[in-house]
Amino acid sequence: MKKKIYLVALMIAISGTFFAQEEKKSSFSFHFGPTFPMADFGDDDPDEEDALGAGVGIGLGFQYTYPLSETGLGLFVSLDVNHNWLKNDVKDDIVEIFEDFTDEVDEDDITFNKYFNIPASVGLSYAIQADDKLSFYGNLGLAVNFFKITNLTIEYQGEEITSEYDLSSAIGAKIGGGVIINSKTYISINYFGLGKHEIDV
């Protein structure tokens, strides 16, 4: 099965700046915030074969930006880790399926799937200085995403029944933008189109 993975991440970042050359400053930032799954990734319709039912999660990452010119154009490299849980409605559906089969399984006997997306991105950024304290910026780049679904495990009659999923990778894209306050604090929205992933059970 191939699934399309899309995420929107609202990030807050703290940046440090250091000199790469005498007249050029590169920056390194750590960012974190909530992630919102979209399309098939966030779809919880049980009648949709491609629905993965991911709920709101959390993301964190690092970004390095190197200036290419004095006009605000730069090159960025970033690495992110995004963690999403199953939606509660999906968990309830899984529990109901097993409760219909046997009364010896309830929610406490099930370890639900979790989702991890780890995109490594590279691309171009552009910043505009509005005044001494405020700047606006945007970036666009390619991403190589690694997607992992953790095991679904059910304890039944003293044994564990496990569904295992292989790690998959795909090429995608990252686009984002936001504001920079006092050259240190970033508030941004990032959209990740993380490609089509082959999911093997």
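Residues numbered from 1 in each chain as written. Predicted model: local features only at pLDDT ≥ 70, side-chain atom pairs only at ≥ 80, totals over all residues. Heavy atoms only, no water.

Draft legend 1. Structural context of the overall build of the chain. Counting its secondary structure elements, the chain contains two helices and 11 strands. Counting from the amino terminus, helix and strand elements in the chain follow one another as β-β-α-β-β-α-β-β-β-β-β-β-β. In the chain, which comprises 201 residues, the share counted as buried stands at 39%. Look at the contacts in the chain between residues 6 or more apart in sequence, and 67% of them connect residues 24 or more apart. (Helix = DSSP H or I, 4+ residues; strand = E, 2+ residues; numbered from the N terminus. Buried < 20%, exposed > 50% of the residue type's maximum accessible area, 1.4 Å probe, protein only. Contact = heavy atoms within 4.5 Å.)

Draft legend 2. Representation of the pairing of strand β9 (residues 159–163) within the structure. Pairing between strand β8 (residues 152–156) and β9: five bridges, direction antiparallel. By the bridge assignment, Ile154 is partnered in β9 with Ile161. Hairpin connection, β8 to β9: the antiparallel pair is bridged by two residues, and Gln157 has positive phi, about 50°. (Pairing = 2+ DSSP bridges.)

Draft legend 3. Focus on the packing of aromatic side chains. For the structure shown, the criterion picks out seven aromatic pairs. On the numbers, 5.9 Å between centres and 35° between planes, the contact of Phe30 with Phe32 is tilted. Since its relative accessible area comes to 38%, Phe32 is described here as partly exposed. Relative to Phe62, the ring of Phe30 lies with its centre 5.4 Å away and its plane at 50°, an arrangement referred to as tilted. Of this pair, Phe30 sits in strand β2 (residues 25–38) while Phe62 is found in strand β3 (residues 54–67), placing the two residues 32 residues apart along the sequence. (Phe/Tyr/Trp six-rings, centres within 6.5 Å; stacked < 30°, edge-to-face > 60°.)

Draft legend 4. Focus on the side chain of Lys174. Positionally, Lys174 belongs in strand β10 (residues 168–181). As a buried residue without a salt bridge, Lys174 has its nearest oppositely charged side chain in Asp80, at a separation of 4.1 Å. A distance of 3.4 Å separates a polar atom in the side chain of Lys174 from a polar atom in the side chain of Gln63. One polar contact links Lys174 to Ser78, side chain to side chain, over a distance of 3.3 Å. (Lys, Arg positive; Asp, Glu negative; His and termini not counted. Salt bridge = Lys/Arg side-chain N within 4 Å of Asp/Glu carboxyl O. Polar contact = N/O pair within 3.5 Å; in protein donor to acceptor, adjacent residues only side chain to side chain.)

Draft legend 5. Molecular detail of the pattern of salt bridges. For the structure shown, the criterion picks out one salt bridge. Salt-bridge contacts for Lys87 lead to Asp44; the nearest nitrogen and oxygen are separated by 3.9 Å. One end of the pair, Lys87, is in the loop between β4 (73–86) and α2 (88–101); the other, Asp44, is in the loop between α1 (39–42) and β3, and 43 residues separate them in sequence. In this structure Lys87 comes out as partly exposed when scored by relative accessible area, which is 27%. The class of Asp44 is partly exposed, set by a relative accessible area of 30%.

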